[in-house]
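# Observations on the three-dimensional arrangement
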Amino acid sequence: VLIAVGVFEAIALAWASGLWLALIGWFLVSAARSEASARAARDRLAGLRVRDIMTPHPDLAPGWVSIDWFVTTVARRSRQTAFPVVDLSGAPAGFVEVEMLAAVPVAERGMTRVDKVAVRVPPEHVLGPDDPATVVLERPALGREVIGLVVDAGRVVGMLTTLDVARLMRQAQLGYGQIQLGRAE
């Protein structure tokens, strides 16, 4: 209504204040859509655990190997574009995305270890498999797609990405009630 009144005032009455009304109306509509989208996401994630939406057993990047070795033996063959980086014990040491690896000059890849280009994962982005899935709404993505690393007993068992969340939201559009454990009821 504010948009319509604002446009009417701006055009019919030549009042500049009409543009402000239209702008405020547009802002309110955008905010309402954003809140509705967030509410729908919370509803779709209710009752789910991180294990239900994560990428289980992702290809891992050993932090101690060279980028050249990792790219040749793992990254080029993987369907992933982001990889959890682990230390010798299997504990999370960060993550690396394909773009980060590609940014290292080819001549330096044989001498540069994966953990030297990895992004450290803040503690709040280290998730447990039994954490509520709604935690994804509280965590911004790290880099382009990683939301968090899923750790159980000190070892990486999964990765939560923006693609995992987007897939769940798309599946929820199919209907059939709430998505549970990766399948519709």
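The preceding data block contains the structure.
A brief report on the enclosed structure follows. Bear in mind that the values here come from a model prediction, so they are computed numbers and not experimental data.

On a plain count of helices and strands, the chain comes out with 6 helices and 9 strands. The buried share of the chain, reckoned over its 185 residues, is 38%. Sequence separation of 24 or more characterises 55% of the internal contacts of the chain that already satisfy a separation of 6 or more. As displayed, the chain has an accessible area near 10900 Å², and 60% of this comes from carbon and sulfur atoms.

Let us now look at the environment of Ala82. Tracing the sequence through the fold places Ala82 in strand β3 (residues 82-86). Not counting chain neighbours up to four residues away, the residues in contact with Ala82 comprise Val96, Glu97, Glu145, Val146 and Met159.

Before going further, it helps to examine the pairing of β3. For β3, a buried count of 5 out of 5 residues is recorded, marking the element as mostly surrounded by other parts of the structure. Judged by which residues are buried, β3 turns out to be covered on both faces: Ala82, Pro84 and Val86 on one side and Phe83 and Val85 on the other are all buried. Here 2 bridges tie strand β2 (residues 61-62) to β3, and the two strands are oriented parallel to one another. Across the sheet, the residue bridging to Pro62 is Val86, located in β3. Relative to strand β4 (residues 92-97), β3 runs antiparallel, the two sharing 5 bridges. Following the sheet pairing, Val86 is matched in β4 by Pro92. As consecutive antiparallel partners, β3 and β4 are separated by 5 residues, and within that stretch Gly90 has a phi angle of approximately 90°, a positive value.

All right, on to the side chain of Asp164 then. Examined against the element boundaries, Asp164 turns out to sit in helix α6 (residues 162-172). A polar atom in the side chain of Asp164 sits 2.8 Å from the side chain of Thr55. The residues contacting Asp164, other than those within four sequence positions of it, are Ile53, Met54, Thr55 and Met159.

In the structure shown here, the tally under the stated rule is 3 salt bridges. A salt bridge links Asp115 to Arg113, with the nearest nitrogen and oxygen atoms 2.5 Å apart. Assessed through its relative accessible area of 16%, Asp115 is described here as buried.

Ala61, Phe70, Phe83, Val85, Val96, Leu101 and Val114 are the most contacted members of the largest nonpolar core, which has 15 residues in total. Of all the elements in the fold, those that place two or more residues in this core are α4 (67-75), β3 and β4. Looking at this core element by element, the count peaks at 5 residues for α4. Residues contacting Phe70, with those up to four places away along its chain left out, are Leu60, Ala61, Pro62, Val65, Ala75, Phe83, Leu101 and Val114.

Let us now look at the packing of aromatic side chains. Inspection of the entire model under this criterion finds 1 aromatic pair. When the ring of Phe70 is compared with that of Phe83, the centres are 5.0 Å apart and the planes differ by 85°; the resulting orientation is edge-to-face. Of the two residues, Phe70 sits in helix α4 while Phe83 sits in strand β3, which places them 13 residues apart along the sequence. Grouping residues by exposure puts Phe70 and Phe83 together as buried.

What follows deals with the sheet that holds β2. Two strands in a sheet stick together by hydrogen bonds in their backbones, pointing the same way (parallel) or opposite ways (antiparallel). The 3 strands lie next to each other as β2-β3-β4, forming an open sheet whose pairing is mixed. The open sheet terminates on both sides in strands that have one partner only, identified here as β2 and β4.

Turning to unusual backbone geometry, a few remarks are in order. Despite not being glycine, His57 has its phi angle at roughly 45°, a positive value. Along the chain, the position of His57 falls in the loop between β1 (55-56) and β2. For His57, a relative accessible area of 68% gives the class exposed. The backbone of Ala153 sits at a positive phi, close to 55°, despite the residue not being glycine. Examined against the element boundaries, Ala153 turns out to sit in the loop between β6 (146-152) and β7 (155-161). According to the relative accessible area criterion, Ala153 is exposed, its value standing at 77%.

Definitions and limits used
- Residues numbered from 1 in each chain as written.
- Predicted model: local features only at pLDDT ≥ 70, side-chain atom pairs only at ≥ 80, totals over all residues.
- Heavy atoms only, no water.
- Helix = DSSP H or I, 4+ residues; strand = E, 2+ residues; numbered from the N terminus.
- Buried < 20%, exposed > 50% of the residue type's maximum accessible area, 1.4 Å probe, protein only.
- Contact = heavy atoms within 4.5 Å.
- Areas by Shrake-Rupley, 256 points an atom, 1.4 Å probe, with all protein chains shown as cover.
- Pairing = 2+ DSSP bridges.
- Polar contact = N/O pair within 3.5 Å; in protein donor to acceptor, adjacent residues only side chain to side chain.
- Salt bridge = Lys/Arg side-chain N within 4 Å of Asp/Glu carboxyl O.
- Core = buried A, V, L, I, M, F, W, Y, C linked by side-chain atoms within 4.5 Å.
- Phe/Tyr/Trp six-rings, centres within 6.5 Å; stacked < 30°, edge-to-face > 60°.

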